[in-house]
Amino acid sequence: MKKHIKALLALSTAACLLAFASCNSGKEKEEELDKVELDLNDYFTYTVLGEYEGTAYIEYSIDYDSLWESEKKLHRETREEFMPFIVGSFDVSENLSNGDVATWTWNIDEDAINDLYEDDNVVVSLKHKDVTVNIEGLLEKETFNPIDYVEVYFEGVSPFGEAKMNVSPCDCSLAFSLDYTNKLSNGDTVTVTLNDGYLNTVETYCEENNYVLGETSATYTVEDLDEYVVSVDQLTDDMIAMMSEQAINVYYSYTAGWEEEAELISIEYDGIYFLNSRYPDNLWNKNDMNHCYIILHVTASNPTDGEFSYYYYVEYSGLVLKNDGTLIVDMSRYNHCEGSYFFGSASGDAFMVSNDSTLYYVGNLSVNDFYEKVILTNLVDYDYTTTYTEE
């Protein structure tokens, strides 16, 4: 019995000694691992380069040399094997402006690094944190507006106005084009644009001189052109009085050839019919844009017909209303009633008051006769307005 107890004690003691030896061996092995702790941000640097907004960029570097040399334990493996596992990138690093924020993010494979040193009993612990860069202090670029070097102006009479331009000297070659150059009216718009063939040249000029490329086109409204009169409503009383007086003088020159027995009792302004072209683009002569007919009421008499009345017109064309409100009309250029009577046959505006008449006159017996002969026959190409009240 005692021998058996002694045997058990011997086995138990041996087991304890073996367990102690095993624990002690593990502790010694753990103590043999070499720990390496590094803060990667100590080896990271960056610089914001560029003076102007929109052109700044970030250059950065990881000082692998210093990182490698800082800890001799790392030398157990080659630097070339170590470096690929310590990298990173900025989310944005080019074309930066004030107010932009660039963030550097590390991309570390710590497990792969420790796998390199597994057989060397080296444990590598890498500290790192993202780096935020606030972009500020950049200079604002001046703006280069090519459109500032072109002047657009308008000439002529609406609706036949013309757009023209002058290009001022510039250090950069410039050329422009207009989308419309003629047949312009007040209120139309014209756009001037830098020619496509010069855009690359201008962009290069801006890049070399730190400019921001500004406006390359602009739209202008046609205004302040003199206008052809389009309606009788645009004629003031003074304008009508001026033309009426001239028309009466024209009529007096016609009566100078009257027979002695013919008497002019009175002549006065009666009204206006005004024609305005529907198709200005089709006109050969711009003066045909409008025609203003001054209608005169004439009272005359002769021994055969007694007292009677008729209507005589004088026509002016190409009336222009200046932008200051004054009327331009060439009073020396006019048309008027014309006609003749030969062997009982009348032509043009000639008429006899009755079959017993011995004298003929030139004009129209009524305003309606004038309308049918002159106005109605022109309504294909013209609109008309009048001072007469029409039913």
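Residues numbered from 1 in each chain as written. Predicted model: local features only at pLDDT ≥ 70, side-chain atom pairs only at ≥ 80, totals over all residues. Heavy atoms only, no water.

Engineer: Tell me what's going on with helix H5 (residues 199-208), and back it up with residues and numbers.
Structural biologist: The set of residues buried in H5 consists of Val-202, Tyr-205 and Cys-206. Angular distribution of buried residues about the axis of H5 spans 95°; they occupy a single face of the element. Exposed side of H5, more than 90 degrees from the buried face: Asn-200, Glu-207 and Glu-208 are the residues found there. On the buried face of H5, the contacting elements are strand S8 (142-144), strand S13 (189-194) and strand S14 (211-213). Looking one or two residues past H5, Asn-210 carries a phi angle of roughly 55°, positive in sign. (Buried < 20%, exposed > 50% of the residue type's maximum accessible area, 1.4 Å probe, protein only. Helix = DSSP H or I, 4+ residues; strand = E, 2+ residues; numbered from the N terminus. Arc of directions from axis to C-beta. Contact = heavy atoms within 4.5 Å.)

Engineer: Break down the confidence of the model for the protein for me, citing the residues and quoting the values.
Structural biologist: A residue-level look at the protein finds 92% of positions with pLDDT of 70 or above and a mean pLDDT of 89. Low pLDDT, under 50, characterises residues 1-30; the stretch is placed with 0 contacts to residues that sit more than four places away or in other chains. (pLDDT = per-residue confidence, 0-100.)

Engineer: A description of the nonpolar core should follow, citing residues and the corresponding values.
Structural biologist: Grouped together as the largest cluster of nonpolar side chains are 48 residues, with contacts concentrated most on Leu-235, Met-243, Tyr-293, Tyr-316, Leu-319 and Tyr-361. For this core, the secondary-structure elements that each account for two or more residues are helix H6 (237-255), strand S17 (263-277), strand S18 (290-302), strand S19 (306-317), strand S26 (361-362) and helix H7 (367-375). Excluding residues within four positions of it along the chain, Tyr-293 makes contact with Gly-271, Ile-272, Tyr-273, Leu-275, Tyr-313, Val-314, Glu-315, Phe-370, Val-374 and Ile-375. Counting 29 residues, the second largest nonpolar core, distinct from the first, contains Ala-56, Ile-86, Phe-90 and Val-124. (Core = buried A, V, L, I, M, F, W, Y, C linked by side-chain atoms within 4.5 Å.)

Engineer: Explain a nonpolar patch on the surface to me, and be specific about the residues and the numbers.
Structural biologist: Among the surface-exposed residues, Tyr-46, Val-48 and Tyr-60 lie close enough to one another that they form a single nonpolar patch of about 260 Å² accessible area. Structurally, Tyr-60 is set in strand S3 (residues 57-62). Residue class for Tyr-60 comes out partly exposed when judged on its relative accessible area of 42%. (Patch = residues over 30% accessible without salt bridge, like charges linked within 9 Å, V, L, I, M, F, W, Y side chains within 5 Å. Areas by Shrake-Rupley, 256 points an atom, 1.4 Å probe, with all protein chains shown as cover. Salt bridge = Lys/Arg side-chain N within 4 Å of Asp/Glu carboxyl O.)

Engineer: Describe the packing of aromatic side chains, listing the residues and the values that go with them.
Structural biologist: Tallied over the entire structure, the rule returns 36 aromatic pairs. Both rings, one in Tyr-273 and one in Tyr-371, keep their centres 5.9 Å apart while their planes meet at 45°; by these two values the pair is tilted. Placement of the pair is Tyr-273 in strand S17 and Tyr-371 in helix H7, with a sequence separation of 98 residues. Judged by centre distance (5.3 Å) and plane angle (65°), the ring pair of Tyr-310 and Phe-351 falls under edge-to-face. Residue Tyr-310 is located in strand S19, and its partner Phe-351 is located in strand S25 (residues 350-351); the two are separated by 41 residues in the primary sequence. Judged by relative accessible area, which is 9%, Phe-351 ranks as buried. Put simply, the rings of Tyr-251, Tyr-254, Trp-258, Phe-308, Tyr-310, Tyr-312, Phe-351 and Tyr-361 pair up and form one aromatic cluster. (Phe/Tyr/Trp six-rings, centres within 6.5 Å; stacked < 30°, edge-to-face > 60°.)

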